[in-house]
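Notes for the structure review
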Amino acid sequence: MGAHQLVGKDNAPEHPRSEKADGEARWWAAWRERRDLEARERLVLHHLDFARIMAGKLYARRTTDEIGFDEYFQLGSVGLMEAVDRYDPNLGASFRTYASHRIEGTILSGLEALTERRRQIALKRRTGQERLRSLDGTTDAPPEDAFSRLASIAVGLAVGFMLDEAGLYQVEDASYGDNTYTACEIRQLQRRLLKLAKELPERESKIIVSHYFQQVPFDEIAMTLGLTKGRVSQLHKRAIGMLRDGLRGNGGVDLAL
């Protein structure tokens, strides 16, 4: 047949496995057998583009731009690392088949948590702005000089902060973990605030309990009580003033204020 002899199909040399495939097999062996962290890192880097593709598919199906692609990809990377840690080849599925389910689940769960966290942050910011506007209002109080007005706002915000803390502890056991003098004083002050809040007039009490202990914004409280949001803001300021005065005295809240 001359210099160029044909090689039969049966006699053809096999294609060697790619270096990447050989490398991945070695990394899996090192990770499974010795928990070699360098091998784990190489496996994660090797499949990182797959996590990016999975994140991209979910990002393309998004219904809002509230969360960017980088956060999708970050969550997908976490899912990939979890897949590397838990993958068992004896189950019969390829790694990427197994990893796809974990990556998608991690992204979806993470998005839910991120969305809820952002809602809570937005609500807290909104609540803080409502309180500040309420305490800064002067429709139900005589004009004040700038220093007195700022001092009154600061005291009102401090009372609001203590109410927030009191709301967190109202259903807990009466014992207090930190027995230092300051901690005990704060605890007693929180208990007194809870008592004073219940002694407020009915509407003021409902506003304080709903807003500080149940985190309900002013507009929702207004709908519940059949009032305007502005009126709720005025009653909130009045209630904070009554609580402040109640903390200064030895008796209950002066309901005649």
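Up top is the structure.
Residues numbered from 1 in each chain as written. Predicted model: local features only at pLDDT ≥ 70, side-chain atom pairs only at ≥ 80, totals over all residues. Heavy atoms only, no water.

Concerning the pattern of salt bridges
- Taken as a whole and judged by the stated rule, the model has nine salt bridges.
- Residues Arg40 and Asp85 are paired through a salt bridge, measuring 2.7 Å at the closest nitrogen-oxygen approach. Taken together, the residues span a long stretch of sequence, with Arg40 in helix 2 (residues 37–46) and Asp85 in helix 4 (residues 69–86) at a distance of 45 residues.
- With a relative accessible area of 32%, Asp85 lands in the partly exposed category.
- A salt bridge links Arg238 to Glu204; the nearest nitrogen and oxygen atoms lie 2.6 Å apart. On the criterion of sequence distance, the pair formed by Arg238 in helix 10 (residues 229–248) and Glu204 in helix 8 (residues 202–213) is long-range, its members being 34 residues apart. (Salt bridge = Lys/Arg side-chain N within 4 Å of Asp/Glu carboxyl O. Helix = DSSP H or I, 4+ residues; strand = E, 2+ residues; numbered from the N terminus. Buried < 20%, exposed > 50% of the residue type's maximum accessible area, 1.4 Å probe, protein only.)

What to know about the nonpolar core
- The biggest cluster of nonpolar side chains holds 25 residues, and the ones touching the most others in it are Trp28, Tyr72, Leu80, Val84, Phe95, Ile103 and Ile107.
- Among the elements of the structure, helix 1 (19–34), helix 2, helix 3 (48–60), helix 4 and helix 5 (95–136) are those that each provide at least two residues to this core.
- Contact partners of Trp28, with chain neighbours within four places excluded, come to Leu43, Val84, Tyr87 and Phe95.
- Counting residues in each nonpolar core, the second largest holds twelve residues, with Leu196, Ala197, Met242 and Leu243 among its members. (Core = buried A, V, L, I, M, F, W, Y, C linked by side-chain atoms within 4.5 Å. Contact = heavy atoms within 4.5 Å.)

Details of helix 9 (residues 218–225)
- Of the residues making up helix 9, those classed as buried are Phe218, Ile221 and Ala222. Each buried residue of helix 9 sits inside an arc of 105 degrees when the element is viewed along its axis, so together they form one side. In helix 9, those exposed residues whose orientation departs by more than 90 degrees from the buried face are Met223 and Thr224.
- Count one or two residues on from helix 9 and you reach Gly226, which has phi positive near 70 degrees. (Arc of directions from axis to C-beta.)

Things to note about the packing of helix 9 against helix 10
- Where helix 9 meets helix 10, the closest approach of the two axes is 8 Å, and the angle between their N-to-C directions is 105 degrees. As summarised for this structure, helix 9 and helix 10 are arranged roughly perpendicular, according to the angle between their axes. Contacts from Phe218, Asp219, Ile221 and Ala222 of helix 9 reach helix 10 at Lys229, Val232, Ser233 and His236.
- Looking at the contact of helix 9 with helix 10, its residues break down into four nonpolar, two polar and two charged. (Axes fitted to C-alpha atoms, helices over the stretch in contact; angles between N-to-C directions. Parallel < 35°, antiparallel > 145°, perpendicular 65-115°, else oblique. Nonpolar A, V, L, I, M, F, W, Y, C, P; charged D, E, K, R; others polar.)

Let's talk about helix 8
- Taking 1.5 Å as the rise per residue, helix 8 with twelve residues should run 16 Å; its terminal C-alpha atoms sit 16 Å apart, in good agreement.
- Restricting attention to buried positions, one finds in helix 8 the residues Glu204, Ser205, Ile207, Ile208, Ser210, His211, Tyr212 and Phe213.
- Following helix 8 by one or two positions, Gln215 has its phi on the positive side, about 60 degrees. (Expected span 1.5 Å × (residues − 1).)

Fair warning: the whole summary comes from geometry, so function is off the table for now.
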